Amino acid sequence: MAGYKPVAIQTYPILGEKITQDTLYWNNYKTPVQIKEFGAVTKVDFSSQPPYNYAVTASSRIHIYGRYSQEPIKTFSRFKDTAYCATFRQDGRLLVAGSEDGGVQLFDISGRAPLRQFEGHTKAVHTVDFTADKYHVVSGADDYTVKLWDIPNSKEILTFKEHSDYVRCGCASKLNPDLFVTGSYDHTVKMFDARTNKSVLSVEHGQPVESVLLFPSGGLLVSSGGRYVKVWDMLKGQLLVSLKNHHKTVTCLCLSSSGQRLLSGSLDRKVKVYSTTSYKVVHSFDYAASILSLALAHEDETIVVGMTNGILSVKHRKSEAKKDPLPRRRRPAYRTFIKGKNYMKQRDDILINRPTKKHLELYDRDLKNFRISKALDRVLEPSCVIKTPEVTVSIIKELNRRGVLANALAGRDEKEISRVLNFLIRNLSQPRFAPVLINAAEIIIDIYLPVIGQSPVVDKKFILLQGLVEKEIDYQRELLETLGMMDMLFATMTRQESSSLLEHTSVEFPDKKKTALCCLNRTKKNF
Amino acid sequence: MVEEESIRVVHCGGSELNFRRAVFSADSKYIFCVSGDFVKVYSTATEECVHILHGHRNLVTGIQLNPNNPLQLYSCSFDGTIKLWDYLDGILIKTFIVGHKLHALFTLAHAEDSVFVITNKEKPDVFQLVSVKLPKSSSQEIEAKELSFVLDYINQSPKCIAFGNEGEYVAAVRDFYLSVYFFKKKTTSRFTLSSSRNKKHSKNNFTCVACHPKEDCIASGHMDGKIRLWRNFDDDKKYTYTCLHWHHDMVMDLAFSVTGTSLLSGGRECVLVEWRDAAEKNKEFLPRLGSTIEHISVSPAGDLFCTSHSDNKIIVIHRNLDASAVIQGLVKDRSIFTGLMIDPRTKALVLNGKPGHLQFYSLQSDKQLYNLDIIQQEYINDDGLIQIELTKAAFGCYGNWLATVEQRQEKETELELQMKLWMYNKKTQGFVLNTKISMPHDDHITALCFCNAEKSEIPTLVTASKDGYFKVWILTDDSDIYKKAVGWTCDFVGSYHKYQATNCCFSEDGSLLAVSFEEIVTIWDSETWELKCTFCQRAGKIRHLCFGKFTCSKYLLGGTEDGILCCWNLLSCTLEWSTKLNIRVMEPDPYSENFAAVSQSSEGSDLFVFKPSEPRPLYIQKNISREEVQWGVFVPRDVPELFSSEAHQWLNRSQFYFLTKSQSLLTFSTKSPEEKLTPTSKQLLTEESLPTTPFYFILGKHRQQQDEKLNETLENELVQLPLTENIPAVNELLHTPAHVLPSASFLCSMFINSLLLSKETKSAEEIPDDVDMEEEKESDDSDEENDFTEKAQVTSDPGLEEDIIHQLSKSEEKELRKLRKVDYSWIAAL
């Protein structure tokens, strides 16, 4: 026949932020390490090779940090003016950077002096990148031009003059050595092909473009500018999605290592995480200042954010907790579990399945066997009371439904009854638990009325409970007064819809409180 | 064209199955139970009803197997007759007319041509046990007037009478005493419990009695839950009793197993207790049987028990206390809050079932389809406990959604209210809980209805409550990137001067919502939720509210508590007509403009069928029932019928069912009830109905050592039933892949041969000859195949079973080779 039905635990909607896999994943970082730089941090770039160092561009210096170091392990400071956009080559051995004076400098990671200097831009170079074949450098400058340089003989190969405003961002394709994308303050993002010496694609972003990003597959392009982040289909040149989740200009973009999440940092001091399948915000981080640059390490181990106030915030992922310091209990060998499971059915055998055993919680087991007091004791354990008060309340409700709550509460000693009272004091004023707990409180008062005065501990708890109820009643009275005032205000208003919605907040609640008050008054008289 | 007859009120199934103890057939294959005026025969294995024995003209009150012929069944009824049936064919053999109301029936093996019945001769509440001599005669109807009195002043319930030790004595209990009548000595001894003499209100009344089949031992059940085992009762002084106590409430029924080694008891706790060796500590339990155990019976073969429950259910239980089958009728244990509904998918009648469940009951097959657990909590059956009640339910959106409301009110101020919304899952073919809303309103919900308009995109539900509000709930998309989900949320809350909302109803096209607030009907626009207009008649609270359908969709009907039926015209916003009619039930027909209204007066209930457009009713039937009619519903017919006369036309497409206060389900029909009820399978397998269960082989052999009668037949049976699995040829045939087997025409003869019994050589020879003939006609020229048929003929010889395997494999090889050849050539051609 039908088995035992476990007690239905009342669930309550969780207020505030929902807990999802993403919030768990992105909250699993340690508290950030703050590093003070000389000026606004305009660029953070991770080397794609171990040990995954990162280059931080701030003011006229480029610092290279190790993964866990708080001090730079190397500094490039040979810039006359502000340096921009220090970027590692794919193999992590070369570094290229632009500067305010229009020069592009190429450094060896181990060296100090620049290996190459590409001269040709007349104004500040804000974006530089290596092409996929590692032998060329793309640069975009405030003189509206985009140039392609050859590293071995430090020559300029091509110049594109298609933009009509500052070129502030760019990105080279990871797959095709000839393709790269630049974004400009003329609101366009253009894709150039080194083989054709002109742009092959141009899309209109609508705002000055601050950052562009190519997906690893090269099929999708993300551009940010103004408050918008836009995703473009590269094959059709069409807008796929337009995201407007920031209050201020979006300054930087970044992909998570899995490619499943897109991160955007903005001047509104927030980093938002989007899912790349639905383009919905799944998580968001807050920072202290406006964000200018953002980078994720290999496997999302570290999030580095550079801000306008020169602070570099570095967050490391929490290492997997090392559990099991105790020697593990010896478990039965594998063959015990498969015993009989691999038996093949013979011809005349009749197969009989053993009914699957349903797992029951401990309190359910007690209730199943009508051990009511024990079930109540179990849910009054401190661990249960603190973590899951709704379970305790549900069991009290179930006992009440079975008509045995008084029996379960009766016959307790000082320690046990104070445990029950503690729980009541803690949760009685919560509206979601109040109907059940007020009833329980009444029963307790009825049962233990004759013995009041015998134990100072219990008496103290009763007085505490009484104070709590009195406070709650005052609070409810005030609420009702407010409600009355609001009613009057609404009555004067001509619109009628809103009044009907707001009227029923908590009218019947005070009645219940009154009954509790009566009981408590009785106890008061007894004192 | 259906022949025009007058419309009658007929019972339509759903009668009690738990009125009396069920009876097993001798081989435990069938179980018999009384069901209203009929006796039903169920198969214990499949739970199907195989026969309905009808013939009695009043409630059947007792059934027993004929002890002299286990293929026959006696039944007695309030109509004063005892009937003898052949249950295998469902034929009435004989009718014995006794003439008095018969309350119970007992048979004894040694009392050959007499049975015992309980009657009340003179006074209505004085019952007697009498023995009736059944005269031998060939005629169908025989008068049986030869009554001999056995015991007087007994309880009318057959549970209080038991015959013991092969009919040496009969034990009867009533109130505080147990009386035993010895047939041989013709004396009656009477025993009372010592405690009951002293205390006036002690609770140890006798409730039931059972006798040990072998020993002189009587078990009696008591009000306080004790079971007493009486011994040495042939002596008035030396009698002793022992006490067994587990039940905390009244013992409802007791039964000894066939051998008498264990005693079964049951009661309100819904637990079947098996007491082994009559010892307090040796007990086994079968818990959670669902509802109070009313009766317990044991099969003569001893392998099965069955318990009848108060929720109209019979559970067949194995000897090892495993429930094996459940025969469930319409649950009638409790009051019906939800009313009658029709599930749009299964066309089943839906109403309150077991505690906390909704039952889906098929009207066609008089069978419960399934139970939907709504409350999903452990049911504690205890006196005076306030249970959670399922108070309201409604289907919406063509059966895709089900809304249910459950409540529990312990005190005036403490109301627990929960609304649940269930979605139909096509994959699992059942309802799955989607949304749970606790405290949807602050007071009782009085009505709930779905918007069933075709054009509405968003499923909408409206609930009206005593707290003065009605709430509109809509289905909203609750999905995010992790999962897809839908849920219900409150969309609008409306009220009208804080009056209690009593009813709500959507118009046919879903554009208007009518909500009645006590005496006032308000009409709301379902698009903007604006109050459009109000109707007020000042004729008491509105009890029923419904929009017209089809051509009458411009009318709104309302029935009030003061007995006024009003019809408003929605186009002109005026009262169209009103009439004085004290309406209990008002139901619209889903397939026509018709409404059925049942009015209540002091004489009885009357039915009116009318259209809102005409104040004159289409059809009136007076006095449909003497009791108050509580609920009614129109059930669409599977096949529309064609009544030509105007009075019958309202029955064309749907049928009106109604439920009275005593919970009998009635309907209107021109046919007699016998024609309506169709048992699922008329034919009964007339195979050996003597016991062939494995259990019987063990027990039966035991008996035969004493009897030494059936020995031969039994051995025959053992030989005669070779299981098909055990024949190697058949096995070979079934386990060879189909593509390597020769064609079916070849295998046919061999297959049949293998099934033939080795002893019957004559018939075995005949059949292969025939097959051979056919074979020759069909077969082509290939020698191999002819060869094969000849060999197949040889196999008819009983002693050559091993050869069959050999032959078959050979032929297979040939076939295989052949197939291979064909295969290769085909590929080569490509």
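Residues numbered from 1 in each chain as written. Chains lettered and ligands numbered in written order. Predicted model: local features only at pLDDT ≥ 70, side-chain atom pairs only at ≥ 80, totals over all residues. Heavy atoms only, no water.

As annotated in an unreviewed UniProt entry, chain B carries the name WD repeat domain 75 and comes from Ictidomys tridecemlineatus. Regarding chain B, the UniProt comment filed under Subcellular location (unreviewed entry) reads as follows: "Nucleus, Nucleolus". (UniProt positions renumbered as here; feature names shortened; annotations may be inferred.)

The name given to chain A in an unreviewed UniProt entry is U3 small nucleolar RNA-associated protein 15 homolog, with Ictidomys tridecemlineatus as the source organism. The UniProt entry for chain A carries the following comment under Subcellular location (unreviewed entry): "Nucleus, Nucleolus".

### Notes on the overall build of chain B
Check the secondary structure of chain B and you find nine helices and 57 strands. The buried share of chain B, reckoned over its 830 residues, is 52%. Carbon and sulfur atoms provide 50% of the accessible area of chain B, an area that totals close to 38,900 Å². (Helix = DSSP H or I, 4+ residues; strand = E, 2+ residues; numbered from the N terminus. Buried < 20%, exposed > 50% of the residue type's maximum accessible area, 1.4 Å probe, protein only. Areas by Shrake-Rupley, 256 points an atom, 1.4 Å probe, with all protein chains shown as cover.)

### Focus: the overall build of chain A
Along the backbone of chain A there are twelve helices and 28 strands. For 527 residues, the compact-globule estimate of 2.2 N^0.38 gives 24 Å, and chain A exceeds it by more than 25% at 34 Å. Projected onto its principal axes, the C-alpha coordinates of chain A cover approximately 100 × 85 × 45 Å. By the burial criterion, 47% of the 527 residues in chain A qualify as buried. Across chain A, contacts joining residues at least 24 apart in sequence account for 46% of those joining residues at least 6 apart. Carbon and sulfur atoms provide 53% of the accessible area of chain A, an area that totals close to 28,100 Å². Counting 76 positive and 57 negative side-chain charges, chain A places the averaged centre of each group 7 Å from the other. (Rg over C-alpha atoms; globule rule 2.2 N^0.38 Å. Contact = heavy atoms within 4.5 Å. Lys, Arg positive; Asp, Glu negative; His and termini not counted. Charge placed at Lys NZ, Arg CZ, Asp CG, Glu CD.)

### So, the UniProt feature "repeat: WD" (unreviewed entry) in chain B
Taking the numbering used here, the UniProt-annotated feature "repeat: WD" (unreviewed entry) corresponds to residues 53–95 of chain B. Secondary structure over residues 53–95 of chain B splits into 0% helix and 58% strand, and the C-alpha atoms at its two ends are 13 Å apart.

### A few points about the domain arrangement of chain A
We note that the domain assignment places domain 1 (25–316) and domain 2 (362–472) within chain A. Distance from the C-alpha centre of domain 1 of chain A to the C-alpha centre of domain 2 of chain A: 61 Å. (Domains from an automatic or database assignment.)

### Some remarks on the UniProt feature "repeat: WD" (unreviewed entry) in chain A
Residues and elements named next belong to chain A. In the numbering adopted here, UniProt assigns the feature "repeat: WD" (unreviewed entry) to residues 118–159 and 243–284. The distance separating the terminal C-alpha atoms of residues 118–159 is 13 Å; by composition the span is 0% helix and 55% strand. Structurally, residues 243–284 is divided into 0% helix and 55% strand, and its ends, taken at the C-alpha atoms, are 14 Å apart.

### Looking at the sheet that holds strand S41 (residues 469–477) of chain B
Residues and elements named next belong to chain B. Taken in spatial order, the four strands make up an open sheet running S39-S40-S41-S42, and their pairing is antiparallel. Of all the strands in the sheet, the pair left with one neighbour each is strand S39 (445–450) and strand S42 (486–495). Here the strands of the sheet are splayed against their neighbours by 20° on average, with no regard to which way each runs. Summarising the sheet, strand S40 (residues 460–465) and S41 pair through five bridges and their orientation is antiparallel. By the bridge assignment, Leu 461 is partnered in S41 with Trp 473. (Pairing = 2+ DSSP bridges. Axes fitted to C-alpha atoms, helices over the stretch in contact; angles between N-to-C directions.)

### Looking at unusual backbone geometry
That bond from Pro 50 of chain A to Pro 51 of chain A is cis: its omega, 10°, falls within 30 degrees of zero. The residue Pro 51 of chain A is located in the loop between strand S2 (41–46) and strand S3 (54–58) in this model. Phi is positive for Lys 347 of chain B, close to 60°, though the residue is something other than glycine. With respect to the secondary-structure elements, Lys 347 of chain B resides in the loop between strand S31 (341–342) and strand S32 (349–352). Looking at Lys 347 of chain B, the relative accessible area reads 29%, which means it is partly exposed.

### What to know about the pattern of salt bridges
Counted under the stated rule, the structure contains 31 salt bridges over all chains. Between Arg 371 of chain A and Asp 366 of chain A there is a salt bridge whose closest N-O contact spans 2.9 Å. Residue Glu 416 of chain B is joined to Arg 408 of chain B by a salt bridge in which the shortest nitrogen-to-oxygen separation is 3.4 Å. Given a relative accessible area of 26%, Glu 416 of chain B falls into the partly exposed group. It is possible to trace a salt-bridge network through shared partners that takes in Glu 274, Arg 276, Glu 284 and Arg 319 of chain B. (Salt bridge = Lys/Arg side-chain N within 4 Å of Asp/Glu carboxyl O.)

### A closer look at the domain arrangement of chain B
If you check the domain split of chain B, you get domain 1 (155–298) and domain 2 (340–378 + 388–405 + 420–440). Taking only C-alpha atoms into account, the centre of domain 1 of chain B sits 41 Å from that of domain 2 of chain B.

### With respect to the confidence of the model for chain B
Residues and elements named next belong to chain B. Of all residues in chain B, 82% have pLDDT values of 70 or greater, and the mean over the chain is 80. A low-confidence stretch, residues 760–805 stays under pLDDT 50, and its non-local contacts, those more than four residues away or across chains, total 36 contacts. For this predicted complex, the interface confidence score (ipTM) comes to 0.72, while the overall pTM stands at 0.72. (pLDDT = per-residue confidence, 0-100.)

### Quick notes on the packing of aromatic side chains
Applying the stated criterion across every chain yields a total of 52 aromatic pairs over all chains. Seen from their ring centres, Tyr 144 of chain A and Tyr 166 of chain A are 6.3 Å apart, and the 45° between their planes marks the pair as tilted. Linking Tyr 144 of chain A in the loop between strand S11 (136–141) and strand S12 (146–150) with Tyr 166 of chain A in the loop between strand S13 (155–160) and strand S14 (167–172), this pair joins segments that are 22 residues apart in sequence. Judged by its relative accessible area of 35%, Tyr 144 of chain A is partly exposed. Arranged with centres 6.0 Å apart and planes meeting at 75°, the rings of Phe 450 of chain B and Trp 488 of chain B form a pair that is edge-to-face. You can see Phe 450 of chain B sitting in strand S39 and its partner Trp 488 of chain B sitting in strand S42, a full 38 residues away along the chain. Like Phe 450 of chain B, the residue Trp 488 of chain B is buried in the burial classification. Joined through ring pairs, the aromatic side chains of Phe 470, Phe 492, Tyr 496, Phe 517, Trp 524 and Trp 529 of chain B make up one cluster. Sitting above the plane of the Tyr 25 of chain A ring, Arg 317 of chain A keeps its charged end 4.0 Å from the centroid. In this structure, Lys 185 of chain B is placed above the aromatic ring of Phe 182 of chain B, and the distance from its NZ or CZ to the ring centre is 4.5 Å. (Phe/Tyr/Trp six-rings, centres within 6.5 Å; stacked < 30°, edge-to-face > 60°. Lys NZ or Arg CZ within 6 Å of the ring centre and 35° of its normal.)

### Considerations on the interface of chain A and chain B
Contact residues are listed per partner, giving 34 residues for chain A and 32 residues for chain B. Around 2,900 Å² of area is buried between chain A and chain B when both sides are counted, 49% of it from carbon and sulfur atoms. Along the contact surface separating chain A from chain B lie one salt bridge. As a salt-bridge pair, Asp 373 of chain B and Lys 5 of chain A come within 3.0 Å of each other at their nearest N and O atoms. For the side of chain A that touches chain B, the secondary-structure elements that each account for two or more residues are helix H1 (21–27), helix H6 (389–401), helix H9 (434–448) and helix H11 (497–502) of chain A. By residue number, the principal contributor to the side of chain A that touches chain B is H6 of chain A, which donates four residues. Residues that form the side of chain A that touches chain B fall into these classes: eight nonpolar, eleven polar and 15 charged. (Buried area = accessible area lost by both parts, 1.4 Å probe. Nonpolar A, V, L, I, M, F, W, Y, C, P; charged D, E, K, R; others polar.)

### Considerations on a positive patch on the surface
Residues and elements named next belong to chain A. Taken together, the side chains of Lys 357, Lys 358, Arg 365 and Lys 368 present a region of like positive charge at the surface. Topologically, Lys 357 is positioned in the loop between helix H2 (334–338) and helix H3 (362–368). The exposure class of Lys 357 is exposed, given its relative accessible area of 83%. (Patch = residues over 30% accessible without salt bridge, like charges linked within 9 Å, V, L, I, M, F, W, Y side chains within 5 Å.)

### Re the UniProt feature "domain: WD repeat-containing protein 75 second beta-propeller" (unreviewed entry) in chain B
Summarizing the sequence annotation, UniProt attributes the feature "domain: WD repeat-containing protein 75 second beta-propeller" (unreviewed entry) to residues 340–663 of chain B in the numbering used throughout. Split by type, residues 340–663 of chain B is 0% helix and 54% strand. Its first and last C-alpha atoms lie 12 Å apart.

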